[in-house]
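Working through the structure, step by step
Residues per chain, in single letters:
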Amino acid sequence: VYTAALDSGLFAQKDIKVRMTPFVDFLPVPDATHFVFITIKVVSGRSVEMRRALSQRVFEAIQALGIPSLSVSVEIVEMLRDTYVKGLCNGINDVSPSMVS
């Protein structure tokens, strides 16, 4: 996922973060015993074509792993740039949150 996002050219390397949440209990879809549901959150400003190309690139990267019986879904979620705030909270010298440019 990280490499596909980086190779898309849409993000600086420092801006890509990958987090995984495993599911122990789930009902698989027919014909698949495993699943991966990928949610990619991007700050607004990228065209539908860019987001569609990103989801396709990530899907193909997972598909290329050759994992049998794997259901893959990729979702792009657009975060509004005007309301997205990011900051560092370390409990000592908290930095004020800033709007993402």
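For every chain, the first residue of its written sequence is number 1, and the numbers climb from 1 along that sequence. Under the rules for a predicted model, residues below a pLDDT of 70 receive no local features and side-chain atom pairs below 80 are neither given nor counted, while totals for whole chains, interfaces and linings still include all residues. Excluding hydrogens and water, the side-chain values take into account all heavy atoms of the structure.

What to know about the overall build of the chain
Across its full length, the chain holds two helices and four strands. When the helices and strands of the chain are listed from N to C terminus, the series reads α-β-α-β-β-β. Secondary structure counts use DSSP, requiring at least four H or I residues in a row for a helix and at least two E residues in a row for a strand, with both numbered from the N terminus.

Considerations on the nonpolar core
Nonpolar cores were defined as sets of buried Ala, Val, Leu, Ile, Met, Phe, Trp, Tyr and Cys residues, with membership established by side-chain atoms within 4.5 Å. The rule is simple: take the accessible area with a 1.4 Å probe, protein chains only, and divide by the maximum for that residue type; under 20% is buried, over 50% is exposed, in between is partly exposed. In terms of nonpolar packing, the biggest core is built from 12 residues, these being Ala4, Ala5, Leu10, Phe11, Ile16, Ile38, Ile40, Val42, Leu54, Val58, Ile62 and Val72. Within the residue set of this core, elements represented by two or more residues are α1 (2-7), β1 (34-43) and α2 (48-63). Residues are treated as being in contact if the distance between any of their heavy atoms lies within 4.5 Å. The contacts of valine 58, once residues within four sequence positions are left out, are Val1, Ala4, Ile38, Ile40 and Val74.

Observations concerning unusual backbone geometry
Within the chain, aspartate 31 stands out as a residue other than glycine whose phi angle is a positive 70°. We note that serine 69 has phi near 55°; this positive angle belongs to a residue other than glycine. Take serine 69: it is sitting in the loop between α2 and β2 (70-79). Judged by relative accessible area, serine 69 falls into the partly exposed class, the value being 29%.

Concerning the side chain of arginine 51
Mapped onto the fold, arginine 51 is located in helix α2. You can call arginine 51 buried: its relative accessible area is 18%.

Concerning α2
Spanning 16 residues, α2 covers 22 Å between terminal C-alpha atoms, matching the ideal 22 Å at 1.5 Å per step. For α2, the complete set of buried residues consists of Arg51, Leu54, Ser55, Val58 and Ile62. Taken end-on, α2 shows its buried residues confined to a sector of 95°, consistent with a single buried face. Along α2, the residues that are exposed and aim more than 90 degrees away from the buried face are Glu49, Arg52 and Gln63. Tucked inside the fold, the buried residues of α2 contact α1, β1 and β2. The span expected for a helix works out to 1.5 Å for each residue beyond the first. Throughout, the arc means the angular range of directions from the helix axis out to the C-beta atoms.

Quick look at the packing of aromatic side chains
Aromatic pairs are defined between Phe, Tyr and Trp rings, using the six-membered ring for Trp, whenever the two ring centres lie within 6.5 Å; interplanar angles under 30 degrees are classed as stacked, those over 60 as edge-to-face, and all others as tilted. Scanning the model with the defined rule gives two aromatic pairs in all. Each ring, one from phenylalanine 26 and one from phenylalanine 35, has its centre 4.7 Å from the other, and the planes form 70°; the classification is edge-to-face. We classify phenylalanine 35 as partly exposed; its relative accessible area is 32%. Taken together, Phe23, Phe26 and Phe35 form an aromatic cluster joined through their ring pairs.

Section: the pairing of β2
One requirement defines pairing of two strands: DSSP has to find at least two bridges between them. Pairing of β1 with β2, which is carried by 10 bridges, proceeds in the parallel orientation. By the bridge assignment for β2, isoleucine 38 is matched with valine 74. By the criterion used throughout, a crossover qualifies as right-handed when its path from the first strand across the helix to the second strand runs clockwise, the strands pointing away from the viewer. In this fold, the crossover linking β1 to β2 by way of α2 has right-handed handedness.

By themselves these figures say nothing about function.
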